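One letter stands for each residue in the lines below.
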Amino acid sequence: MSERLAAKVIVITGAGSGIGAHTAATCAQAGAAVICADIDPEAAERTASAIADSGAKSAAVQVDVSDEAAANAMATAALEAFGKIDGLFANAGITGEGSAASLSLADWNRVIAVNLTGVFLSCRAVLPSMVDAGAGAIVATSSIGGLVGVPNIAAYAAAKGGVTGLVRQMAVDYAPDGVRVNAICPGTIPTPLVVSAYEQRNFIAGDVDDAFARAASRFPLGRVGTLDDAALLTLFLLSEESGWITGQSLAVDGGVSTAGWQVGQ
Ligand code: NAI
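Keep in mind the model is a prediction, meaning the values are calculated, not measured.

Undergrad: Explain the domain arrangement of the protein chain to me, and be specific about the residues and the numbers.
TA: We note that the domain assignment places domain 1 (9-187 + 226-250) and domain 2 (189-224) within the protein chain. Measuring from the centre of the C-alpha atoms in domain 1 to the corresponding centre in domain 2 gives 24 Å. The interface of domain 1 with domain 2 comprises 14 residues on the first partner and 11 residues on the second. For the pair domain 1 and domain 2, the summed buried area comes to about 960 Å², and 61% of that belongs to carbon and sulfur atoms. Linking domain 1 with domain 2 are 2 salt bridges. Its salt-bridge partner being Arg223, residue Asp229 comes within 2.8 Å of it at the nearest N-O pair. Scanning the region where domain 1 abuts domain 2 turns up 3 residue pairs in polar contact (both at pLDDT 80 or more). Listing elements by their share of the side of domain 1 that touches domain 2, those giving two or more residues are α1 (18-29) and α8 (227-238). Broken down by element, the residue count for the side of domain 1 that touches domain 2 peaks at 3 residues, all from α8. A class-by-class count of the residues in the side of domain 1 that touches domain 2 yields 6 nonpolar, 6 polar and 2 charged.

What follows is the structure in structure tokens.
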């Protein structure tokens with residue numbers, strides 16, 4: 001894996017935990033300098049320090065991706081630290097339980113602000129330097145909830161569906177500038193975000209591992225996802241190996257969006 005992102009500079013939001021933290025480490029192993037951005041500064045610093053300890057280049061930045069000035073400052077910090085931005089993984093997100101009738105406007109607004117506007121602001125912050133360079137790769141984190149109906153996540157599904165639309169649209173706008181834009185759509189991957197969603201759904205009867213074992217029965221491939229499943233697809237989409245792929249929202253979900261959400265239930 002060592003040369004796949006050699007000399008590349010990659011900004012990752014939500015890098016303090018879960019998919020973002022693991023993808024940050026994966027990109028660093030592949031040769032990239034990684035800007036680890038997160039709303040939780042200590043978590044961002046933990047990921048960046050672990051990368052630095054492994055001998056790769058990294059920097060930590062605190063950002064609330066829903067804040068325009070903070071998103072712009074994140075890009076500025078990356079440019080000051082490493083002189084360019086080759087890739088963005090716009091991955092920060094929060095869970096969002098509730099049907100359309102049960103959601104408060106405040107909850108709707110926060111989920112849209114982080115999961116959709118946050119992707120827009122992060123992309124907008126890095127695009128000028130990519131356009132100037134005539135090259136760049138952006139990957140956003142959508143969800144299977146952005147592709148198919150999943151019960152009781154109205155705001156989350158609207159935001160993630162918005163991400164798949166935004167990715168398609170930006171891919172067309174920025175292809176002439178050499179910038180590719182894609183999304184990953186993960187199925188269930190055990191992270192703090194999913195544990196929080198499961199708690200809100202009362203899906204954890206006892207041990208959290210039992211809940212994920214029950215969830216595994218929904219997936220045609222018979223298991224939930226791993227952090228590697230998401231990170232390795234993202235690495236591919238950030239690298240030049242995917243140089244003729246743009247505008248795509250790719251499911252990494254054990255086949256569940258193909259077969260239907262109720263598989264195994
Ligand atoms: P996680 O909770 O482990 O990590 C999310 C990170 O984003 C945390 O470090 C958190 O501090 C950060 N964050 C939250 N709000 C932020 C903000 N306003 N600005 C900057 N950082 C912020 O969750 P996970 O699972 O790694 O989620 C990453 C992405 O993957 C999210 O967009 C989520 O919606 C998406 N996703 C996750 C799935 C899963 O099964 N884990 C499935 C489908 C999508």
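Back to the write-up after that little detour.
Undergrad: Any chance you could break down the packing of aromatic side chains for me, citing the residues and the numbers?
TA: Under the defined criterion, the tally for this structure stands at 2 aromatic pairs. Taking 4.7 Å as the distance between ring centres and 65° as the angle between the ring planes, the aromatic pair formed by Tyr198 and Phe203 counts as edge-to-face. Neither residue differs from the other here; Tyr198 and Phe203 are each classed as buried. Each ring, one from Tyr198 and one from Phe212, has its centre 5.1 Å from the other, and the planes form 40°; the classification is tilted. Separated by 14 residues along the polypeptide, Tyr198 in helix α6 (residues 192-200) and Phe212 in helix α7 (residues 208-216) bring together distant segments of the chain. Each of the two residues, Tyr198 as well as Phe212, counts as buried. Three or more aromatic residues joined by ring pairs make a cluster, and in this case those are Tyr198, Phe203 and Phe212. For Arg214, the ring lying beneath its charged end belongs to Phe203, and the centroid distance is 4.6 Å.

Undergrad: Please set out the pattern of salt bridges residue by residue, giving values where relevant.
TA: Enumeration according to the criterion identifies 7 salt bridges in this entry. A salt bridge links Arg124 to Glu68; its shortest N-O distance comes to 2.5 Å. In this pair, Arg124 is assigned in helix α4 (residues 105-133) and Glu68 in helix α3 (residues 68-82), connecting sequence segments 56 residues apart. Residue class for Arg124 comes out partly exposed when judged on its relative accessible area of 35%.

About the criteria used
- Residues numbered from 1 in each chain as written.
- Predicted model: local features only at pLDDT ≥ 70, side-chain atom pairs only at ≥ 80, totals over all residues.
- Heavy atoms only, no water.
- Domains from an automatic or database assignment.
- Contact = heavy atoms within 4.5 Å.
- Buried area = accessible area lost by both parts, 1.4 Å probe.
- Salt bridge = Lys/Arg side-chain N within 4 Å of Asp/Glu carboxyl O.
- Polar contact = N/O pair within 3.5 Å; in protein donor to acceptor, adjacent residues only side chain to side chain.
- Helix = DSSP H or I, 4+ residues; strand = E, 2+ residues; numbered from the N terminus.
- Nonpolar A, V, L, I, M, F, W, Y, C, P; charged D, E, K, R; others polar.
- Phe/Tyr/Trp six-rings, centres within 6.5 Å; stacked < 30°, edge-to-face > 60°.
- Buried < 20%, exposed > 50% of the residue type's maximum accessible area, 1.4 Å probe, protein only.
- Lys NZ or Arg CZ within 6 Å of the ring centre and 35° of its normal.

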